[in-house]
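Each chain, letter by letter, is given below.
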Amino acid sequence: MTSATILPGATIGILGGGQLGRMLAHAGNRLGYRFVTLDPTPDSPCGQTARQIVAGYGDREAARELARLSDVITYEFENVDAEVAAMLEAESYVPQGSALLYTTQHRLREKHALEAAGARVAPYAEIASLQDLREAAERLGLPAILKTATGGYDGKGQWVLRSADDLDRAWEEASRAGTALVLEKFVRFAKEISVIAARRPSGEVRTFAPAENVHVNNILHLSIVPARIPDHVRAEAEGLAISIAESLNVVGLIAVEMFLAEDGTLYVNELAPRPHNSGHYTMDACRTSQFEQHIRAICDLPLGDTSLMTPVVMVNVLGEHMESLLQWLPACDVEAEKLGVEPKVHLYGKAESKTGRKMGHINVLAPHTGAALAWISQTDIWRYDEA
Ligand code: AIR
């Protein structure tokens, strides 16, 4: 099936049952869709709000069962078993297709696709030996970052090389990962931003306002919207996301992470063909959330209005923030009232809280982003990040 309109009443199958699946199901339920998810953890975040098949992502029989129960299939993380995705594409309806997964699962393939779409990426080199690494470090200059081409996320699978002395050890560790490696020149960036675009089979594309992202220990901490960037950069970033969505024939969402270099150049860092953490702000601050937009796109319904209704700062709640968050939640927050901000809490229902694990987020709605940032820095919830 190449494209179809999927109407409410239909069942949407999701590969993966984490928070992104959960929030997709919440948005889709409101439109009258039913959901079934496949995830190995019983009572997963999405399984708490949808029917769940408890099985591993590589379990072909379970994937067939998901297909049997669903009218359309989507995924909520990109490390879906490529063979399972291809099987589902052949035997059921996966409007996003498996080609986009194939591209975004591998940094080198992704960079080639980005260059073909006319985007700038940081200078890079493919590394297959210590000799390659030495030559590339010489050519690109240090500092540089050695990354595994597959499987890395939240800073995992990355080695920062500051001097020639770092090369041998980084090679020794990285080559054990058993995947292709890529060396990327370190871009001195002023800001990290991201743009989420949605495209439906008919070709309609819409973008959300760029988010300015702040990471702590390689994990997203804040998304500030509107991003504090000049208007022409905002327009260029949204234009880039549209070109990428069109060039890659995206159906559904594509998140485009970019670096804004000190000289004003935009470099695309990474793509994610799914809802993205930096788009959670849309849930409370935009007319249409990224989750509703994804459902609309894969069901081939007209895309929703993406207008930003209020300034907002999204702040992540990790395992180490849960205790203080649960102390704060039942209390009256006088400071929030004084600052005129409204913290909207979203929790994912994860049974196990671990340091660095994403447990929820808060969208701090505010008259201006400075007030939201002031509220975040004065509460006790994120105290440890600044320590
Ligand atoms: N996810 C997928 N790629 C990036 C992110 N953040 C979400 C998906 C996935 C969940 O994180 O929703 O299912 C896994 O979270 P955890 O804490 O179980 O590792």
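Please read all numbers here as calculations on a predicted model, not as lab measurements.

Annotation from UniProt places "domain: ATP-grasp" (unreviewed entry) at residues 111-299. With 30% helix and 33% strand, residues 111-299 has its two end C-alpha atoms placed 29 Å apart.

This brings us to the site of the ligand. Around the ligand, the structure places Gly16, Gly18, Gln19, Leu20, Gly21, Glu76, Phe77, Asn277, Arg357 and Lys358. Per-element tally for the shell around the ligand: the top contributor is helix α1 (residues 19-30), with 3 residues. For the shell around the ligand, a count of residues per class yields 2 nonpolar, 5 polar and 3 charged. For the shell around the ligand, the domains that each give at least three residues are domain 1 (11-94) and domain 3 (189-378).

With that settled, consider the confidence of the model for the chain. Taken residue by residue, the chain gives an average pLDDT of 95. The fraction at 70 or more is 98%. When mean pLDDT is taken per element in the chain, helix α9 (residues 282-285) scores highest with 99 and helix α14 (residues 383-386) scores lowest with 58.

Moving on: the environment of Ala99. Mapped onto the fold, Ala99 is located in helix α4 (residues 99-104). We classify Ala99 as partly exposed; it has 14 C-beta atoms within 10 Å. Sequence separation of Ala99 and Ala125 is 26 residues, and the distance between their C-alpha atoms is 23 Å.

The element strand β2 (residues 34-39) is largely enclosed, with a buried count of 5 among its 6 residues. The parallel pair strand β1 (residues 11-15) and β2, bridged by α1, forms a crossover whose chirality is right-handed. Taken together, the 4 bridges between β2 and strand β3 (residues 51-54) define a ladder with parallel strand orientation. When the sheet's bridge partners are listed, Asp39 is paired in β3 with Val54.

Turning to the sheet that holds strand β4 (residues 72-75), a few remarks are in order. Read from one edge to the other, the open sheet built from 4 strands follows the order β3-β2-β1-β4, with strand pairing classed as parallel. The sheet is open, and its two edges are formed by β3 and β4, each paired on a single side. Strand-to-strand twist in this sheet, taken as the mean axis angle between neighbours without regard to direction, amounts to 25°. Taken strand by strand, helix α2 (residues 60-69) contacts β1, β2, β3 and β4, and its axis lies near 175° from that of β2.

Across the 5 residues of strand β8 (residues 181-185), 5 count as buried, placing the element largely inside the fold. What you see with β8 is no split at all: Leu181, Leu183 and Lys185 on one side and Val182 and Glu184 on the other are buried throughout. Here strand β5 (residues 124-127) pairs with β8 via 4 bridges, running antiparallel. Bridge pairing in β8 places Glu126 opposite Val182. As paired elements, strand β6 (residues 144-148) and β8 share 5 bridges and run antiparallel to each other. Pairing of Thr148 across the sheet is with Leu181, part of β8.

All right, on to the environment of Asp43 then. Along the polypeptide, Asp43 turns up in the loop between β2 and β3. It is 31 Å that separates the C-alpha atoms of Asp43 and Val250, two residues lying 207 residues apart in sequence. Residues within four places of Asp43 in sequence aside, it is in contact with Gln48 and Ala351.

Rules and cut-offs
- What you see as residue numbers is a count from 1 along each chain, following the sequence as written.
- Per-residue local features of the predicted model are confined to residues with pLDDT of at least 70, and side-chain atom pairs are confined, for both listing and counting, to 80 or more; whole-chain, interface and lining totals are unaffected and use all residues.
- UniProt positions are given in the numbering used here, feature names are shortened, and annotations may be inferred rather than shown by experiment.
- A run of H or I in DSSP counts as a helix once it spans at least four residues, and a run of E counts as a strand once it spans at least two, with each numbered from the N terminus.
- The criterion for a residue being near a molecule or strand is simple: its C-beta atom, placed using the backbone, must lie within 6 Å of it.
- Classification convention: Asp, Glu, Lys, Arg as charged; Ala, Val, Leu, Ile, Met, Phe, Trp, Tyr, Cys, Pro as nonpolar; all other residues, Gly among them, as polar.
- Domain start and end points were adopted from an automatic or database domain assignment.
- How sure the predictor is of each residue is captured by pLDDT, a score from 0 to 100.
- The burial label depends on the number of other C-beta atoms within 10 Å of a residue's C-beta. Counts of 20 or more mean buried, 12 or fewer mean exposed, and intermediate counts mean partly exposed, with C-beta atoms placed from the backbone.
- The crossover handedness rule: strands pointing away from the viewer, path from first strand over the helix to second strand clockwise, crossover right-handed.
- Strands are treated as partners if at least two bridges between them are detected by DSSP.
- All axes are obtained by fitting lines to C-alpha atoms, using only the stretch in contact for helices, and the reported angles, taken between N-to-C directions, cover 0 to 180 degrees.
- We call two residues in contact when the distance between their C-beta atoms, placed using the backbone, is within 7 Å.

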